[in-house]
Amino acid sequence: MQPLKTSEIRQFFLDYFRAQGHEVVASSSLVPENDPTLLLTNAGMNQFKDAFLGIEQRSYKRATTAQKCMRVSGKHNDLENVGPSPRHHTFFEMLGNFSFGDYFKADAIHFAWQLLVEKLGLPLERLWFTVYTEDSDAERLWIERGADPARVLRFGKKDNWWSMGETGPCGPCSEIHYYWGDLAHQQPGGVNKDDEYLEIWNLVFMQYDARPDGQLVPLPAPSVDTGAGLERLASILQGKDNNYDTDAFVPILARIQQLASHSDAERQTHLFRYRAIADHVRSCTFLIGDGVLPGNEGRQYVLRMILRRAARFGKLLGFDRPFLASIADTVIEAMGQHYQDLLPKRDYILQSITDEEERFHRTLANGLHLLDDLMAQMQAEQRTQILGQEAFFLWDTYGFPVDLTRDIAQDNGLTIDEAGFQAALAEQKEKSRATAVEKNGQDVTLYAETFRKLQEQGVIDPGGVRSRIYDTLAEVDSTVAALFVEGQPTAAANLGQTVALLLPETVFYVESGGQLSDTGELYYWPADLDEPVWTVQVTEMWRPVPGLLLHLGTVVAGTVHTGDPATAAIDTERRWDIMRNHTGTHVLHAALRERLGSHVHQAGSQVSPERLRFDFTHGQPLSDADIAAIESRANAILLQNYPVHTRWTTYTQAISEGVTALFTEKYGNEVRVVSFGEEEGISAELCGGTHVDSTAEIGSFRVVAEGSVAAGVRRIEVVTGRAAEQWVAERLTSLATIAELTHSKPATAVAAVQELLAHQQTLQKELAQLRQKLARHEAQALLDKAEQIGGFAVLSVRVEAPDTETLRQMTDWFRDKLGSSVVAVGALLDEKPLIVAAVTEDLVSRGMHAGQIVREAAKLMGGGGGGRPTLAQAGGRNSDQLEAALQSVVRWVHQNVKSGDAHQTIT
């Protein structure tokens, strides 16, 4: 019988738990949803965190998943082990089963035993079971299932206590280990110590919520969270002693070997690098597939680090050109059948990887130049160790790998301050994490408890607050179900207080999918009164837990009481502006893809009443012709007056129909499709926002800005409707003003301005020529200040100059006059000191180096500089040190010239 493939093991696991009454839930994104405490998804339970905390109610009590996971930062960081270790990965799949207050230890242990021992046939003589030192129940349950008591071991918190992070759900755990070695040599002391004892499944008995203050608060109901590494399980069932020999990695490694044209012996020699590349490319593929692009902060920084690490290993294997996309294509081919969102994103993923790899290759050339300068500086300073901060600067700012810095340093008899580099790296990692890990914010427990009680009482529907956002813009009558002031439930809120109101039904939209929340009013106005009893000005909406919608605002009249009737009224003009802009984003997306290609995907958006902001994947700036064509196409779609249709369907059905889904959004089983011109293939997207009824209602569409926001991501800003009218009117007014100032008409204003500019350019050229003549005239007098050192002229003087280019021209002129010489001229430009130094070619061999000269001078000015041996410049902050910096040039020449005659002054 053939061993199960990795894909078959995944399906076998999910099918087993489906048969045990578990809901099969799709993997969540590697980008955690609504969890600022987490940089990347690192466990199967991440998407169920709120369910474990009791603040989210799911339609099921049991679940099972195959979850995409990343472990590259924080407590769960496997990066340094990847390659040398046969089993550690940055990206891996975690199989899991979960109970939300349904079953506990007995069933969890029963399921694990039945699946591993009875269904998959793992030999008992190779299995070891560990439990928390105080967990007698788990120990007893394993023995009752059939485990040898001698194989059930107790360990402390280090090994048998699990938590997602510093805060959140946690509890004791029980682990299952598989022994790989000679049966005669296994012993209890090897568990949790020796590599031959492989942890394959961790059963976590969730009992507590770890708070930021260190408290362990019991969860509403004991729950179960389990995680089994798919790759590790595959290695056992396929009889391989490491994960990289399983069918999950074999095709990837074979593709690397094919591209490298290596023999089997060469592959074995570089096995560590092969494995690291295979692992890292899997990580890059899935991160980009989930909407992350390389950058310098947070998870973008993690992606860049992993991708460049893989590219660096490729360089060491002999790859001189980008190759990682070819490896990623193999990953998509192998895993796209289960993770089906990879397939439509294939081109985008591959292009994004290639773009970043090309950037990395460019940085290598820059880094080598910078490292050469650094080593020259070190030689001048007579030191032999590259500072940790210097090595980190090369890596962090220019992407120059530290291992390459180390190799080159060793070739030149130098070392690196490894401890200093690691300290700088740790500081940067913490900064990256801090970008994604914001303050936990308000504790939503009280809101969730109140919400749950109101559901139990029938005040709020079981599915949550009834939303009327799709069927009306009119006022909706409801009741004040609950009030919160400063996060605490209250019976009343008085004039001037900031308040959160819960209504059983509302017409207010809560921010999501890039669309901003509605604003407006809540009020109570009995028919027999001339004015409202109370009014709340709503400025924001908030969804602290699924189904709970809170109106945030200020009491501007009267006193609000729980139980009062309430009318919800949105700012309809503002909503109309938002709807025009939201439908406008769909129009823009369609126009971009038509013009630029199918690689364009939405990478983020903001839909406000003033404008729409749309981020999209594209590697190059848009030309004026591109922008004009996109705007023209968008307006054509508006003029076609396509009806905007919405429908509800399943996610699977929508994707099979070719409907566009966004990388960064998480979708449930039931989804809403917004489309127009769908029969013509114009637009059909998954979207939960509010839209106009037809494209003509958008009114007008004007592109107002376009630029870059990240590597491979562009941003375009558009105004529509009333804002577009105002934008056009402002420009027509400006045109009329220009025509008036140039004594022309609007139709000829451009020609008039061009004529004025041409005349101005002529005057500027004449002025520049006069300035240069004046500078040369003054420079003639400065020649007398040149000194002779070692048989050549040295001139270091302060001059008056309008710009850097004039300074450079002056150094050229002085060299022409002086012949063999070192020339440095300095001036204050915009009140900042600047020095340009030049050395004739014949003096370079005598130790003269313009870059080193200005680098020393810059220290006095509180700045920096550098350049070539024959031409360099330096600037600084301290203008009062310009004269001292210029004097240092003469001293430097005296100290560094290799040979020469006595000092004399030219007369």
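Within any chain, residue numbers begin from 1 and follow the written order of that chain's sequence. Since the coordinates come from a predicted model, pLDDT governs what is reported: local features require at least 70, and pairs of side-chain atoms require 80 or more to be given and counted, while whole-chain, interface and lining totals use all residues. Hydrogen atoms and water are omitted, and side-chain values are computed over all heavy atoms in the structure.

Asks: Please set out the packing of helix α9 (residues 271–289) against helix α10 (residues 298–317) residue by residue, giving values where relevant.
Replies: Axes here mean lines fitted to C-alpha atoms, for a helix over just the part in contact, with angles spanning 0 to 180 degrees between N-to-C directions. Going along the chain from the N terminus, every DSSP run of H or I of four or more residues is numbered as a helix, and every run of E of two or more is numbered as a strand. Remark: α9 packs on α10, axes separated minimally by 9 Å, with the N-to-C direction vectors making an angle of 145°. The handedness of the crossing between α9 and α10 is left-handed. Of the residues in α10, those touching α9 at F272, R273, Y274, A276, I277, H280, S283, C284, L287 and I288 are L303, I306, L307, R309, A310, F313, G314, L316 and L317. Only Asp, Glu, Lys and Arg are considered charged in this grouping, and only Ala, Val, Leu, Ile, Met, Phe, Trp, Tyr, Cys and Pro are considered nonpolar; every other residue, Gly among them, is considered polar. Looking at the contact of α9 with α10 residue by residue, the class counts come to 14 nonpolar, three polar and two charged. Crossing chirality is assigned from the near helix's rotation relative to the far helix, an anticlockwise turn below a right angle marking it left-handed and a clockwise turn marking it right-handed. Contact criterion: two residues are considered in contact whenever any of their non-hydrogen atoms come within 4.5 Å of each other.

Asks: An account of the packing of aromatic side chains is requested, with residue identities and associated values reported.
Replies: Under the pairing criterion, centres of Phe, Tyr and Trp rings, with the six-membered ring standing for Trp, must be within 6.5 Å; the plane angle then separates stacked pairs below 30 degrees from edge-to-face pairs above 60, leaving the rest tilted. All told, the structure shown has 32 aromatic pairs when counted by the stated rule. When the centroid spacing of 3.9 Å and the interplanar angle of 5° are considered together, the rings of F319 and F323 count as stacked. Between the aromatic rings of W813 and F814, the centroid separation amounts to 5.4 Å while the plane-to-plane angle is 70°, which identifies the pairing as edge-to-face. Burial classification: accessible surface area is computed with a 1.4 Å probe over protein chains only, and a residue below 20% of its type maximum counts as buried, one above 50% as exposed, and the rest as partly exposed. A relative accessible area of 16% places W813 in the buried class. Residue F814 is classed as buried on the basis of its relative accessible area of 0%. Every member of this aromatic cluster is reached through a ring pair, and the members are F13, Y16, F17, Y103, F111 and W201. Looking at K157, its charged tip hangs above the ring of W161, at a distance of 4.5 Å from the centre. Think of it as a cone above the ring: NZ of Lys or CZ of Arg counts as a charge over the ring if it is within 6 Å of the ring centre and within 35 degrees of the ring normal.

Asks: Mind laying out the sheet that holds strand β27 (residues 612–617), listing which residues take part and the relevant values?
Replies: If you trace the four strands from one edge of the open sheet to the other, you get β26-β27-β32-β31, paired in antiparallel fashion. For this open sheet the edge positions go to β26 (602–607) and β31 (701–710), each flanked by a neighbour on one side alone. Shown here is a sheet whose adjacent strand axes are inclined to one another by a mean of 15°, direction ignored. Sheet topology places β27 next to strand β32 (residues 713–720); six bridges connect them, and they run antiparallel. Bridging from a neighbouring strand, F616 pairs with R714 of β32. Pairing between two strands is assigned when DSSP locates at least 2 bridges connecting them.

Asks: I'd love a proper account of the sheet that holds strand β25 (residues 565–570), names of residues and values included.
Replies: Pairing in this open sheet of eight strands is antiparallel, and the strands run β15-β25-β21-β22-β23-β19-β16-β17 from one edge to the other. Of all strands in the sheet, those with a lone pairing partner are β15 (476–479) and β17 (488–490), marking the two edges. Neighbour-to-neighbour, the strand axes of the sheet open up by a mean angle of 35°, direction not taken into account. Of the pairings in the sheet, the one linking strand β19 (residues 498–502) to strand β23 (residues 550–557) comprises five bridges and is antiparallel in character.

Asks: Account for a negative patch on the surface, naming residues and giving values.
Replies: Surface patches are defined over residues having more than 30% relative accessible area and no salt bridge, joining like charges when they lie within 9 Å and nonpolar side chains (Val, Leu, Ile, Met, Phe, Trp, Tyr) when within 5 Å. Accessible surface is estimated by sampling points in the Shrake-Rupley manner with a 1.4 Å probe; for residues, cover comes only from the protein chains shown. The salt bridge criterion pairs a side-chain nitrogen of Lys or Arg with a carboxyl oxygen of Asp or Glu, the two atoms within 4 Å. When charges are counted, Lys and Arg contribute as positive and Asp and Glu as negative, whereas His and the chain ends are disregarded. Charge coordinates come from a single atom per side chain, which is NZ of Lys, CZ of Arg, CG of Asp or CD of Glu. A contiguous patch of negative charge on the surface is contributed by D182, D194, D195 and E196. In this fold, E196 is placed in the loop between β9 (168–179) and β10 (197–210).

Asks: So what's going on with the confidence of the model for the chain? Which residues, and what values?
Replies: Of all residues in the chain, 95% have pLDDT values of 70 or greater, and the mean over the chain is 90. Considering only residues more than four positions removed or in separate chains, one finds that residues 435–441, a stretch of pLDDT under 50, has 13 contacts. Confidence scores labelled pLDDT are given residue by residue by the predictor and lie between 0 and 100. Low pLDDT, under 50, characterises residues 901–907; the stretch is placed with 13 contacts to residues that sit more than four places away or in other chains.

Asks: Could you give an account of the pattern of salt bridges, with specific residues and numbers?
Replies: Taken as a whole, this structure holds 42 salt bridges when the rule is applied. Between R308 and E356 there is a salt bridge whose closest N-O contact spans 2.8 Å. Note that R308 is positioned in helix α10 and E356 in helix α12 (residues 346–381), a separation of 48 residues in sequence. Per residue, the accessibility class of R308 equals that of E356, and both read buried. Between R798 and E883 there is a salt bridge whose closest N-O contact spans 3.8 Å. Placement of R798 in strand β34 (residues 792–798) and of E883 in helix α24 (residues 882–896) is noted, with a sequence separation of 85 residues between them.

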